[in-house]
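Remarks on the overall topology
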Amino acid sequence: MTTAAAPLIRIPEDTGAALSAQTTVIGDLAFTTAIPVDANGEVAGDIDAQSRRVLARLEAKLAAVGSGLDLIAHLTIHLCDIPANRDAFNAVYREMMPEGARPVRCLVGVAALARPEMLVEVTAIAAARAR
């Protein structure tokens, strides 16, 4: 018995310089990553500002595929300097993530991210509606 594969939909980044899709949806799952860039593609601010920006970008990416922060099943947080930044990230996380719908999460300490000024990046798997 052969079953048809779920359709794979890639939502492109809004810049031609992107090396990956903004979000990929396969079946009822959305896979996405968010970095703390502003509308101009710049990274600025301390861990509090970057955490707010990265979670807001994550929320917008998920909304574009019929999902939301409350539908995240798994969240991986890549954080530079865990001892210095964990508490501030967690404070923003508690504020922005819906209580009672917080996902399984994995916090990974990294020496550096793609851009030297970045302190945090998140990757999520969430329930979504394919387009």
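Above this text you will find the structure in question.
Here the structure is a predicted model, which is why all the values come from computation and not from measurement.

1. A look at the overall build of the chain
In terms of regular secondary structure, the chain is built from 2 helices and 6 strands. Here the chain holds 131 residues, and the buried ones make up 36% of them. Put simply, 70% of the contacts in the chain that link residues at least 6 apart link residues at least 24 apart. Roughly 7,200 Å² of accessible area belongs to the chain as shown, and the carbon and sulfur atoms make up 55% of that amount.

2. Let's talk about the packing of aromatic side chains
Within the structure shown, the criterion is met by 1 aromatic pair. The ring of Tyr 93 carries the charged tip of Arg 105 above its face, separated from the ring centre by 4.6 Å.

3. Here's the deal with helix H2 (residues 82-96)
Counted at 1.5 Å a residue, the expected span for H2 with its 15 residues is 21 Å, and the 20 Å between its end C-alpha atoms agrees. Taken as a whole, H2 has its buried residues at Ile 82, Asn 85, Phe 89, Asn 90, Val 92 and Tyr 93. Tucked inside the fold, the buried residues of H2 contact helix H1 (47-63), strand S4 (72-80), strand S5 (104-110) and strand S6 (120-127).

4. Some thoughts on the nonpolar core
With 24 residues, the main nonpolar core has Leu 58, Ile 72, Leu 75 and Val 122 as its most contacted residues. Among the elements of the structure, strand S3 (29-34), H1, S4, H2 and S6 are those that each provide at least two residues to this core. In this structure, Ile 72 is in contact with Leu 58, Leu 62, Met 97, Pro 103, Ala 124, Ile 125 and Ala 126, ignoring residues within four places of it in sequence. Core analysis: the second largest hydrophobic core is formed by 5 residues, Val 37, Val 43, Cys 80 and Leu 113 among them.

5. Some words on the packing of H1 against H2
Direction vectors running N to C along H1 and H2 enclose 40 degrees, while the axes themselves pass 9 Å from each other. What the angle tells us is that H1 and H2 run oblique. The interaxial crossing formed by H1 with H2 has right-handed handedness. Seen from H1, the contacting residues are Ile 47, Asp 48, Ser 51, Arg 52, Leu 55 and Ala 56; seen from H2, they are Asn 85, Ala 88, Phe 89, Val 92, Tyr 93, Glu 95 and Met 96.

The rules behind the values
Residues numbered from 1 in each chain as written. Predicted model: local features only at pLDDT ≥ 70, side-chain atom pairs only at ≥ 80, totals over all residues. Heavy atoms only, no water. Helix = DSSP H or I, 4+ residues; strand = E, 2+ residues; numbered from the N terminus. Buried < 20%, exposed > 50% of the residue type's maximum accessible area, 1.4 Å probe, protein only. Contact = heavy atoms within 4.5 Å. Areas by Shrake-Rupley, 256 points an atom, 1.4 Å probe, with all protein chains shown as cover. Phe/Tyr/Trp six-rings, centres within 6.5 Å; stacked < 30°, edge-to-face > 60°. Lys NZ or Arg CZ within 6 Å of the ring centre and 35° of its normal. Expected span 1.5 Å × (residues − 1). Core = buried A, V, L, I, M, F, W, Y, C linked by side-chain atoms within 4.5 Å. Axes fitted to C-alpha atoms, helices over the stretch in contact; angles between N-to-C directions. Parallel < 35°, antiparallel > 145°, perpendicular 65-115°, else oblique. Left-handed = near helix turned anticlockwise from the far one by under 90°.

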